[in-house]
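So you can see what is in the structure, the chains are spelled out below.
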Amino acid sequence: MSAYAQLLDAAIQDLEARKAGGERFVVVAPDTLNALAAPAPRGRRREEAEPAAQPRPVSAATRPAPAQAPIRPTTPVAIASAPLPAPPVSPADKPATFAALRERVLVCVKCPHLVTTRKSVVFGVGDINAPLMFVGEAPGADEDRQAEPFVGAAGQLLTKIITAMGQTRQTVYIANVLKCRPNQPPGETGNRKPSPDEMGACLPYLMEQIQLIQPRVIVALGGAAVEGLFAISDAHITRRRGQWMELRGTPVMPTFHPSYVLRAEANADKGRIIKRQVWEDMLQVMERLAMPINEKQRGFFR
Ligand code: URA
């Protein structure tokens, strides 16, 4: 078998293993896409002139085990290990590339049922060079109206958390896995959790945002954000929070969603515990980013 056919086989096996492990997309740089679209090489040497190999069926015996790791509360979890490729643009071109991505996302029609109910596409907000990125689940009614993530009650709490960290909404980047508000049956209020299909359709946009921003740390807000980012079906956020994960080389801190914190506040004791846990997670983030932490910040909730 030629080296080309061997590489092709290895790539197919790798993709099938990722799919079996729950991954639903891979990030591919434009240059790689162009190379893939080019005809297979026809070399001068006999082995390179072989017809392209047929994809080998992967038997149950040879198929690698699904990549999804069991949750071990004290161990960092590396679910998708290949590092994110460097941004395919120079720093000078980044704003224009980011703006072009935004334009594409704003006219997205991948989920026709959301296109008809959305008021806006909520792309994201903040510094496109931020070392710290927050990723939520999906816009709610306020965000849909204002075309900005985290501006409702949960958003106000997130803004307080960001401020307590010594940051502002302008020094971090905030986005959601889903860019459109999940539709509700007529007459129903509240928020619906995005479906796996909706998150799978939208995730490539978030991955492009991450690839361009190249944050040093991502905070995943709530179980749905973890499920969307890692394309897994149950994040077990209560056990997972506070344990570093890794998304293609980028450290991810899973924590509770601000709206869960708000709901927990209905019970004073529970609310205090949940708030303290979220703050402990943020202290880990600040330490990882070598942000200054003063005594007051250390002592919140002590
Ligand atoms: N909840 C989210 O997950 N994202 C928002 O933008 C608002 C509320």
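Everything here concerns the structure above.
So, a few notes on the structure that sits alongside this text.

Comments concerning the packing of aromatic side chains
Here comes step 1: Under the criterion given, the structure shown has 4 aromatic pairs.
Here comes step 2: Taking 5.5 Å as the distance between ring centres and 70° as the angle between the ring planes, the aromatic pair formed by Phe-98 and Phe-123 counts as edge-to-face. Within this pair, whereas Phe-98 is found in helix 3 (residues 94-106), its partner Phe-123 is found in the loop between helix 4 (112-115) and strand 2 (125-126), the two being separated by 25 residues in sequence.
Here comes step 3: Given the relative accessible area of 6%, Phe-98 is considered buried.
Here comes step 4: Each member of the aromatic cluster is reached from another via a ring pair, and the members are Phe-98, Phe-123 and Tyr-173.
Here comes step 5: Across from the ring centre of Tyr-205, 4.3 Å away, lies the NZ or CZ of Lys-110, which sits over that ring.

What to know about the nonpolar core
Here comes step 1: By size, the foremost hydrophobic cluster in this structure holds 67 residues, and its most contacted members are Leu-132 and Phe-134.
Here comes step 2: For this core, the element with the highest residue contribution is helix 7 (residues 196-213), accounting for 10 residues.
Here comes step 3: Residues in contact with Leu-132, not counting those within four places in the same chain, are Met-165, Val-172, Tyr-173, Val-217, Val-219, Val-285, Leu-289 and Met-291.

Observations regarding the packing of helix 7 against helix 8 (residues 223-230)
Here comes step 1: It is at 9 Å that the axes of helix 7 and helix 8 come closest, and there the two elements cross at 80°. Classified by the angle their axes make, helix 7 and helix 8 are roughly perpendicular. Contact with helix 7, carried on its side by Met-199, Leu-203, Leu-206 and Ile-210, involves Ala-224, Glu-227, Gly-228 and Leu-229 of helix 8 and no other residues of that element.
Here comes step 2: In the contact of helix 7 with helix 8, the residues fall into 6 nonpolar, 1 polar and 1 charged.

A look at empty space enclosed by the protein
Here comes step 1: Scanning the model with the defined rule gives 2 cavities of 30 Å³ or more in all.
Here comes step 2: Each pocket or cavity is described by its volume, and for the largest cavity that value is around 100 Å³.
Here comes step 3: Among the secondary structure elements, those contributing two or more residues to the lining of the largest cavity are helix 4 and helix 7.
Here comes step 4: Per-element tally for the lining of the largest cavity: the top contributor is helix 7, with 4 residues.
Here comes step 5: When grouped by side-chain class, the residues that make up the lining of the largest cavity number 12 nonpolar, no polar and 4 charged.

The rules behind these values
Residues numbered from 1 in each chain as written. Predicted model: local features only at pLDDT ≥ 70, side-chain atom pairs only at ≥ 80, totals over all residues. Heavy atoms only, no water. Phe/Tyr/Trp six-rings, centres within 6.5 Å; stacked < 30°, edge-to-face > 60°. Helix = DSSP H or I, 4+ residues; strand = E, 2+ residues; numbered from the N terminus. Buried < 20%, exposed > 50% of the residue type's maximum accessible area, 1.4 Å probe, protein only. Lys NZ or Arg CZ within 6 Å of the ring centre and 35° of its normal. Core = buried A, V, L, I, M, F, W, Y, C linked by side-chain atoms within 4.5 Å. Contact = heavy atoms within 4.5 Å. Axes fitted to C-alpha atoms, helices over the stretch in contact; angles between N-to-C directions. Parallel < 35°, antiparallel > 145°, perpendicular 65-115°, else oblique. Nonpolar A, V, L, I, M, F, W, Y, C, P; charged D, E, K, R; others polar. 1 Å grid on protein atoms, 1.4 Å probe; cavity = no way out; pocket = protein on both sides within 12 Å on 5 of 7 lines; lining within 4 Å. Points joined across faces, edges and corners; volume = space filled by probe spheres on them.

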